[in-house]
Amino acid sequence: MPEMDKEGKEYHVGVKQKSELFYLKGSTELDWGMKNRLARIFNPKDGKTIMLAIDHGYFQGPTSGLERIDINILPLVPHADTLMCTRGILRSIVPPSITKPIVIRASGGPSILKELSDEQIAMDMEDCIRLGVCATAIQVFIGGEFESRSVINMTKLVDAGLKYGIPTMAVTAVGRDMERNAKYFRLATRICAELGAHYIKTYYTKEDFETVTASCSVPIVIAGGKKIPEMDALTMAYRSINEGAAGVDMGRNIFQSDSPIGMMHAINAVVHGNEKPKQAFELYRSIKDKMQK
Ligand code: R5P
């Protein structure tokens with residue numbers, strides 16, 4: 001029989017038990033597991049995240065910069081808050097000793113040779129649990145040929161995730177012929193939020209982006225999009241944060257840069273340090289120069 005401890009006496013009667021409001025927009029009413037996973041993605045100190053997006057191969061094959069994820073990407077992971085990838089790359093290349101939260105690409109189907117909006121849910125929630133992921137990601141094609149099905153796919157993933165406390169990130173995918181303006185993204189992000197997405201990846205718009213973040217009831221992160229000059233990418237990240245985004249989910253503007261590690265540091269300075277683009281660019285350049293010596 002183990003020895004019994006004395007009963008405690010420090011009850012602090014009259015002192016109200018501490019309870020905190022959850023810091024992420026629109027997430028207060030979520031369950032503990034859901035919040036805890038989101039808290040691993042979005043840094044609790046500032047509510048922001050840098051997701052390193054490397055899932056492009058799921059529809060376009062070995063994208064430039066992602067040919068050898070083991071060589072080019074793994075060294076960047078320590079500088080990101082979150083890694084976003086497919087389960088194939090996770091299992092075959094990413095070491096399981098990694099402690100970074102994983103956001104897993106859970107939709108797929110068509111390649112770049114076909115109609116991209118024809119995506120399906122491409123992963124069971126059971127496998128998400130097996131892999132210990134912190135969120136799933138699924139494409140939603142508002143205005144696309146298979147708009148309705150992609151929206152319903154998202155709601156099915158949300159329902160499956162709710163059973164186990166796994167949040168869903170909706171990705172607003174833009175068709176080739178669609179205009180990437182605030183009006184479109186207000187529509188797309190709002191539909192995703194209304195139908196249950198826990199956070200949303202969308203694109204930055206030079207005009208009225210603050211209306212996109214203001215009208216969406218859950219956090220928004222921006223995708224980087226096609227490779228642009230480093231200074232422009234840092235400016236876009238800076239503006240998006242200052243216009244209400246909760247972070248970036250950035251791929252090509254990091255891994256296609258001539259200094260991916262320099263960009264990781266510079267993006268960190270912008271997202272978590274609110275550093276101005278010019279200073280962040282200087283940081284990128286100094287790290288690039290140092291690495292080249
Ligand atoms: C693209 O379909 C993927 O969802 C990417 O994760 C996303 O577009 C972010 O990557 P990038 O910054 O390269 O646009």
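Structural data are supplied above this passage.
Conventions we followed
- Residues numbered from 1 in each chain as written.
- Predicted model: local features only at pLDDT ≥ 70, side-chain atom pairs only at ≥ 80, totals over all residues.
- Heavy atoms only, no water.
- Near = heavy atom within 4 Å.
- Polar contact = N/O pair within 3.5 Å; in protein donor to acceptor, adjacent residues only side chain to side chain.
- Areas by Shrake-Rupley, 256 points an atom, 1.4 Å probe, with all protein chains shown as cover.
- Nonpolar A, V, L, I, M, F, W, Y, C, P; charged D, E, K, R; others polar.
- Axes fitted to C-alpha atoms, helices over the stretch in contact; angles between N-to-C directions.
- Helix = DSSP H or I, 4+ residues; strand = E, 2+ residues; numbered from the N terminus.
- Parallel < 35°, antiparallel > 145°, perpendicular 65-115°, else oblique.
- Left-handed = near helix turned anticlockwise from the far one by under 90°.
- Contact = heavy atoms within 4.5 Å.
- Pairing = 2+ DSSP bridges.
- Phe/Tyr/Trp six-rings, centres within 6.5 Å; stacked < 30°, edge-to-face > 60°.
- Buried < 20%, exposed > 50% of the residue type's maximum accessible area, 1.4 Å probe, protein only.
- Right-handed = clockwise from strand over helix to strand, strands pointing away.
- Expected span 1.5 Å × (residues − 1).
- Salt bridge = Lys/Arg side-chain N within 4 Å of Asp/Glu carboxyl O.

## Some words on the site of the ligand
Then, in step 1: With respect to spatial proximity, 16 residues lie near the ligand, and among them Asp55, His56, Lys201, Gly251 and Arg252 are the closest.
Then, in step 2: Interatomic distance of 2.9 Å between a side-chain N/O atom of Arg105 and an oxygen atom of the ligand.
Then, in step 3: The separation between an oxygen atom of the ligand and a polar main-chain atom of Gly251 is 2.8 Å.
Then, in step 4: Coverage of the ligand by the protein amounts to 97% of the 360 Å² it exposes when considered alone.
Then, in step 5: Among the residues forming the shell around the ligand, the class breakdown is six nonpolar, five polar and five charged.

## Description of the packing of helix α11 (residues 260-273) against helix α12 (residues 277-292)
Then, in step 1: With their axes 8 Å apart at the nearest point, α11 and α12 run at an angle of 155° to one another. Relative to α12, α11 is oriented roughly antiparallel. Seen from above, α11 lies across α12 with right-handed handedness. Taken together, the residues of α12 that come into contact with α11 (itself represented by Ile261, Gly262, Met263, His265, Ala266, Ala269 and Val270) are Ala280, Leu283, Tyr284, Ile287 and Met291.
Then, in step 2: For the contact of α11 with α12, a count of residues per class yields ten nonpolar, two polar and no charged.

## Here's the deal with the sheet that holds strand β10 (residues 247-250)
Then, in step 1: One closed barrel holds the eight strands; their spatial order is β1-β2-β3-β6-β7-β8-β9-β10, and the pairing between them is parallel. Between one strand axis and the next, the sheet turns through 25° on average, direction left out of account.
Then, in step 2: Pairing analysis gives three bridges linking strand β7 (residues 168-172) to strand β8 (residues 199-202), with the strands arranged parallel. Residue pairing for β8: Ala170 is matched across the bridge by Ile200.

## A look at the packing of aromatic side chains
Then, in step 1: Applying the stated criterion across every chain yields a total of seven aromatic pairs.
Then, in step 2: Relative to Tyr203, the ring of Phe185 lies with its centre 6.1 Å away and its plane at 40°, an arrangement referred to as tilted. Within this pair, whereas Phe185 is found in helix α7 (residues 182-194), its partner Tyr203 is found in the loop between β8 and α8 (209-214), the two being separated by 18 residues in sequence.
Then, in step 3: Judged by its relative accessible area of 0%, Phe185 falls in the buried class.
Then, in step 4: A residue is classified by how much of its surface remains accessible, and Tyr203, at 19% relative accessible area, is buried.
Then, in step 5: Both rings, one in Tyr204 and one in Phe209, keep their centres 4.9 Å apart while their planes meet at 55°; by these two values the pair is tilted.

## Observations concerning the side chain of Gln139
Then, in step 1: The residue Gln139 is located in strand β6 (residues 135-140) in this model.
Then, in step 2: Beyond its immediate sequence surroundings of up to four residues, Gln139 is in contact with Tyr58, Arg105, Ser107, Glu119, Ser150, Val171 and Ala173.

## Here's the deal with the pairing of β6
Then, in step 1: Here β6 lies mainly inside the structure; six of its six residues are buried.
Then, in step 2: Summarising the sheet, strand β3 (residues 102-105) and β6 pair through three bridges and their orientation is parallel. Note that in β6 the partner of Arg105 across the bridge is Ala137.
Then, in step 3: Here β6 runs beside β7; their pairing, made up of five bridges, is parallel. Within β7, the position partnered with Ala137 by the bridge is Met169.
Then, in step 4: As a crossover connection, the stretch from β6 through helix α6 (residues 147-164) into β7 is right-handed.

## Quick look at α6
Then, in step 1: Here α6 spans 27 Å end to end across 18 residues, near enough to the 26 Å set by a 1.5 Å rise per residue.
Then, in step 2: Among the residues of α6, Ser150, Val151, Asn153, Met154, Thr155, Leu157, Val158 and Gly161 are the ones counted as buried.
Then, in step 3: Residues of α6 that are buried make contact with α1 (32-41), β5 (120-121), α5 (125-131), β6, β7 and α7.
Then, in step 4: Gly165 sits one or two positions beyond α6 and adopts a positive phi of about 80°.

## Concerning the pattern of salt bridges
Pairs can form between side chains of opposite charge once their charged atoms are near each other.
Then, in step 1: Under the definition given, this model contains twelve salt bridges.
Then, in step 2: One salt bridge connects Arg87 with Asp127, and the closest N-O pair in it is separated by 2.9 Å. With Arg87 in helix α4 (residues 87-92) and Asp127 in helix α5, the pair connects residues that are 40 residues apart, well separated along the chain.
Then, in step 3: Given the relative accessible area of 5%, Asp127 is considered buried.
Then, in step 4: Residue Lys227 pairs with Glu230 through a salt bridge whose shortest N-O separation is 3.3 Å.
Then, in step 5: In this structure Lys227 comes out as partly exposed when scored by relative accessible area, which is 30%.
Then, in step 6: What emerges from the salt-bridge pattern is a single network uniting Arg87, Arg91, Glu126, Asp127 and Arg130.

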